[in-house]
Every structure is written in C-alpha cells, then in structure tokens.
Amino acid sequence: MASLELLGELCIRSDKARLPVRGTKQRSLLAALTIRGNVTVSAEDLVLEIWGDEPPVGAENALQAHISRIRAILATQQGMARFRLRTRYPGYLFELPEGSVDSSRFRRHCVRAQAVKNSAPEQAAALYRAGLALWRGPALQNVPPGPIRNAEVRRLASERRTAVASLVELDLDLGRHLQVIPDLEQLVLEHPLEERFYAQLMVALTRSGRTGDALQVYQRARLTLAQEAGLSPSPALQRRMRMILHDSGHDDETS
C-alpha cells in the first residue's frame, strides 16, 4: 500500500520503495498538507509555511506551481491514485486514505496500547513496539522549519517519549528489568532532563540487584538538573530514591 512517511525523512513509499521528495519548498508544502490531512489549509498558511514572513512577489502563483508539481509527483507513483489534492477555498484539501500516513499509524498503535495496558499488558507492549518501529529518525528531519511543521515535530517527539516511557513501564511490570537497562541508559543520555527515565532506570537497576548503581543514577540526575536547568529533583524522584535507600538499609543522606 502506498503511504506517506513523516517519522524520519519525509518521503513517499510505494511498493516497498521510498521516493524522496526533491526541493525544499515541495517538501515543506507536502509536509504541511499531510499534517493537516483531510482539512482545508488556507493558501495564506501555506505561503507562510514555505516562505515565512517575507514571501516573494506573486507568492500565490508560485504556490500554485508547487501544488501542480506535488500533483504530478503523486500521479506518477503507483498506488497514489487514492491521494487527492483538491483546490478548496480558501486553499487546498489533501484527501488521505485511512492509515496512509505513518504518524497516524503510530498514534493508532499508542491509543490501542493505552486501552489494553491494564487488561492485556503483553498485547499493549507489542502495540507500543509496533508503533515505535515505524520511526526512522527524528520526524520530518529533511523538511525546513515552518509553523505547521514545527508544531507537529514537537507533538510527535512528545508522543514518542510518552510511548517509550509507557513501554518501559510495561516491561518493568512484566519483569523485564534486565532487558530494559541498556535502553534506559541510552534514553537518559538522549533526554537528560526527563526525570521519568532516571526513575525507571533506578527501578530497573534496583530490581537487578544493583542498588549502588541506582543511587548513582539519582546523584547524576540531581547534578544534571541543577547544572542544565537550575532545578532540584522532583518530589516523585526523591521518593523513589528514599524507597531504594529504605529497602537497602541505608540512611537517607542523599537528597
């Protein structure tokens, strides 16, 4: 099935082959129309997305030319006939078949996982893994900045972090603490201000018999938060540290 992919570089996928979209303005346009799929996007918003606050003279004519190029690209790709880019006042409507965008599939997996995480944790973990497997890198990484693109990148990055944290929580509940330690160590490096990853790593290390390492993770979190954000560990993270100290028989001298 032909699809559009946003979870990495923007590209068109047809019959298992990925087609890059050439031209930065065409990528900006296709990304904005896909993000706002099945909703009319005004020409004014699209001009702002492509050219920012300094559009060229005749920007709407130039926009129409880029729209024509996008239509031509879609028309030449096998399986893309269901993708219809229509002129619709006051701009354009990009009709997308259900499930034809990887970001929407990712979100659908996460919604389904959230719905069954209490009743069927193994199924929920599998759904989160399937959704996260769709990512090929940072979302829309080859698309120039623009209001529509930037807002979607922030949303998707936040949703990805939530999905990762939820999957780790499920794996911890399912007793997979040894398996998740390497992933959590990498997540702490990638997201040094995300306290939930420190907390989860502390839990995984403690359950693996590495209490001392878990306490070192807390100290690392405390120093990183202070140095990079001028913050102290949250009450939740401090409680996690005190629980580890209590269970290990140490005095509470770390906070």
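Residues numbered from 1 in each chain as written. Predicted model: local features only at pLDDT ≥ 70, side-chain atom pairs only at ≥ 80, totals over all residues. Heavy atoms only, no water.

Considerations on the pattern of salt bridges
Selection rule: Just to be clear on terms, a salt bridge is a Lys or Arg side-chain nitrogen sitting within 4 Å of an Asp or Glu carboxyl oxygen. Secondary structure elements follow DSSP: runs of H or I no shorter than four residues count as helices, runs of E no shorter than two count as strands, and numbering proceeds from the N terminus. Exposure is judged per residue with a 1.4 Å probe applied to protein chains only, and the accessible area is read against the type maximum: over 50% gives exposed, under 20% gives buried, and values in between give partly exposed.
Scanning the model with the defined rule gives 13 salt bridges in all. With a closest N to O distance of 2.7 Å, Arg107 and Glu159 form a salt bridge. Residue Arg107 is found in helix α4 (residues 102-116), and its partner Glu159 is found in helix α6 (residues 147-173); the two are separated by 52 residues along the sequence. Among the residues examined, Arg107 registers a relative accessible area of 25% and is labelled partly exposed. Glu159 gets classed as partly exposed once you look at its relative accessible area, which sits at 27%. Between Glu152 and Arg155 there is a salt bridge whose closest N-O contact spans 2.6 Å. Taken together, the residues Glu152 and Arg155, both in helix α6 and three residues apart, mark about one turn of the helix. Residue classification places Arg155 among the partly exposed positions, given a relative accessible area of 39%.

Section: the packing of aromatic side chains
Applicable threshold: Aromatic rings from Phe, Tyr and Trp, taking only the six-membered ring of Trp, are treated as a pair when their centres fall within 6.5 Å; an angle between ring planes under 30 degrees marks them as stacked, one over 60 as edge-to-face, and anything in between as tilted.
Enumeration according to the criterion identifies two aromatic pairs in this entry. With a centroid separation of 6.4 Å and 45 degrees between ring planes, the pair formed by Phe83 and Phe94 is classed as tilted. Of the two residues, Phe83 sits in the loop between α3 (59-76) and β5 (84-88) while Phe94 sits in strand β6 (residues 91-95), which places them 11 residues apart along the sequence. Here Phe83 falls in the buried class, since its relative accessible area comes to 5%. Taking the centre distance of 5.5 Å and the plane angle of 85 degrees together, the rings of Phe106 and Trp135 count as edge-to-face. One end of the pair, Phe106, is in helix α4; the other, Trp135, is in the loop between α5 (121-132) and α6, and 29 residues separate them in sequence.

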